[in-house]
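# Structural description and commentary
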Amino acid sequence: MSETTLTLDTIISLCKRRGFVYPTSTIYGGLANSYDYGPLGTELLRSIKNLWWREFITKRTDMVGLDSQIMLHPQTWVASGHVGAFNDPLVEDKVTHKRYRADHLIEAWAEKKGQEVETANMSLADMANFIVDQKIKSPDGNELTEPKAFNLLFETAIGAVSGEKAKVYLRGETAQGIFSDFKHVVDSTRMKLPFGVGQVGKSFRNEVTTGQFVFRTFEFEQAEIEYFFDPETTSWEQLMEDWKTAMWSFVTKTLGIKEENLRWRKHSDKERSHYSKDTYDLEYHFPFGWKELWGIAYRTDYDLKQHQNLSGENLEYFDPQTNRHFIPHVIEPAVGVNRLFLMVLFDAYREDTERGRVVLELNSRLAPYEAAVFPLLKNKPELVEKADQLFKDLLNDFKVTWDDRGNIGKRYLYQDEAGTPFCITVDFQTLEDNTVTVRDRDTAEQVRVAISELPSMLRSKQ
């Protein structure tokens, strides 16, 4: 495989060409920072979510799942601090009136100059002074306004009668549904500390994005866990390390990502959220830089206390062993599923210049299809009938796809780009001895395999 420089544009082109991701609403001119997941992208995204759920919820006796509403009572976001302090530093081009994130413009300037600037530690005033001192302009070359705090919550309203509608918000994170349902979970499951609650779902942020494809969008999917514990009997430092190990293992072993493309970054005191006692980001080295993939924070008892104070409801946990009533503390690992998706594509992409092909070397558990079934010729009824029967048999236990378009070589190239590990061809020899030609995606080698052995071969790669 070649070592060509991989760019974001290359992945965007592949995604559109092969049906992983499309820009949304293109028949109406599109919608900024919004994307639809196509047939292959939907399968890949679902595989990532299913693996995350199995690894962190199903396989653990100390975890349960939840699926809370997208629109919660608006007081939820007052208690969480999102209404008052969920902001991005916004600047505006004085001529075009286009809006940008001040920190992103500063980072782009620093990258061009070959410098490193830690924007996470900058206040709005610091950013304003930096932009003036360094004469930073908008991408169109115009003067910028001073940075202002821009709230990221999406507002909407419920109610059928105009004037009687109540303001609500699309959730900015999935975590708050877990906190507001904490007492219900304890009472209905009788889970004992320490235990966690996880959920996967859509979140929404009205943020100024920077054209990084599905890395940062208005609508995105999160997989979040709130792991509750008693700080008097459980070490938060040890819990943090245990979860960091589990996160690293999931990315490197379950998803098959190369370790050299990953790193941990500890938040500085100024960068860290006010409710967090310690925060780390697991970062991936994208072509546009090291970016946050998965965050983990020790949120102490901040969230449950906030909701208890504002709602007036008692959210304490009772420990029957010690007869203590107290507010549990929380470790929160939270990941953007769309960022995992993009990381997987970057890490799997290869260009095989010797054979003139593009290959997605996806882990078999992630690949949209584990195998593709071909009849050698689609105008030979006996081959089509045999291949169709094999395809239907494999469908019972595996993710397989059917392909009879064009010549066999073009089918191989299509499946290589789709990340399909194996191509199974039914040919004339199949009619004689019930064997098929199996082509390996990564090596392009072909071997004869008995049809009866195909299930065990495919399972060995799962």
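For every chain, the first residue of the written sequence is number 1, and numbering continues from 1 along that sequence. The predicted origin of the model limits local features to residues at a pLDDT of at least 70 and limits the giving and counting of side-chain atom pairs to 80 or more, whereas totals for whole chains, interfaces and linings rest on all residues. Values reported for side chains reflect all heavy atoms of the structure, with hydrogen atoms and water molecules removed beforehand.

### Notes on helix α6 (residues 124-133)
- Relative accessibility under 20% of the residue-type maximum defines a buried residue, over 50% an exposed one, and the middle range a partly exposed one, all with a 1.4 Å probe and only protein chains included. Secondary structure follows DSSP: runs of H or I at least 4 residues long count as helices, runs of E at least 2 residues long count as strands, and numbering of each begins at the N terminus. Those residues of α6 not exposed but buried are M127, A128, F130 and I131. All buried residues of α6 project into a common sector of 165 degrees when viewed along the axis, lining one side. In α6, the exposed positions that point more than 90 degrees away from the buried face belong to V132 and D133.
- The positive-phi residue at the C-terminal boundary of α6 is K135, with phi of around 55 degrees. The arc in question is the one spanned by the directions pointing from the helix axis to the C-beta atoms.

### Overview of the environment of G29
- Its place among the elements puts G29 in the loop between β1 (21-23) and β2 (35-37).
- Spatially, the C-alpha atom of G29 lies 46 Å from that of P455, the residues being 426 residues apart in sequence.

### Some words on the nonpolar core
- Residues belong to one nonpolar core when they are buried, are Ala, Val, Leu, Ile, Met, Phe, Trp, Tyr or Cys, and are joined through side-chain atoms within 4.5 Å. In this structure, W52, W294 and M343 are the most contacted members of the largest nonpolar core, which totals 61 residues.
- Looking at which element gives the most residues to this core, the answer is helix α11 (residues 337-348), with nine residues.
- Residues within four places of M343 in sequence aside, it is in contact with V251, L255, I257, L262, Y284, F286 and L293. The contact criterion used is simple: two residues touch if any of their non-hydrogen atoms lie within 4.5 Å.

### What about the pairing of strand β19 (residues 357-360)?
- Going residue by residue along β19, you find R357 and V359 tucked away on one face and V358 and L360 tucked away on the opposite face as well.
- Only strands joined by at least two bridges in the DSSP assignment are considered to pair. As judged from the four bridges shared by strand β18 (residues 349-352) and β19, these two strands associate in the antiparallel manner. Within β19, the residue paired with D352 across the bridge is R357.
- Counting the residues between successive antiparallel strands, the hairpin from β18 to β19 contains four residues, one of them, G356, with a positive phi of roughly 65 degrees.

### Digging into the packing of aromatic side chains
- Side-chain rings of Phe, Tyr and Trp (the six-membered ring for Trp) are treated as a pair once their centres are within 6.5 Å; stacked means planes under 30 degrees apart, edge-to-face means over 60, and tilted covers the remaining angles. Scanning the model with the defined rule gives 27 aromatic pairs in all.
- Look at F182 and F195: their rings are 6.3 Å apart centre to centre, the planes differ by 5 degrees, and that puts the pair in the stacked class. Of this pair, F182 sits in helix α8 (residues 182-189) while F195 sits in strand β10 (residues 195-204), placing them 13 residues apart in sequence.
- Between F286 and F288, the aromatic rings sit 5.1 Å apart at their centres with planes inclined by 5 degrees, giving stacked as the arrangement. The same class applies to F286 and to F288, which are both buried.
- A network of ring pairs unites the aromatic residues W52, W53, F56, Y227, W243, F250 and W294 as a single cluster.
- In this analysis the charged atom, NZ for Lys or CZ for Arg, is taken to sit over a ring once it is within 6 Å of the ring centre and within 35 degrees of the ring normal. Sitting over the face of the ring of F326, R324 holds its NZ or CZ atom 4.3 Å from the ring centroid.
- The ring of Y414 carries R405 above its face, with NZ or CZ at 4.6 Å from the centroid.

### With respect to the sheet that holds strand β8 (residues 154-158)
- Pairing is antiparallel in the open sheet, where three strands are placed in the order β4-β9-β8. What marks the edges here is a single partner per strand, and that holds for β4 (71-72) and β8.
- Judged from the five bridges that link them, β8 and strand β9 (residues 166-170) form a sheet pairing that is antiparallel. Note on β9: the bridge partner recorded for F154 is L170.

The analysis is restricted to geometry; functional conclusions fall outside its scope.
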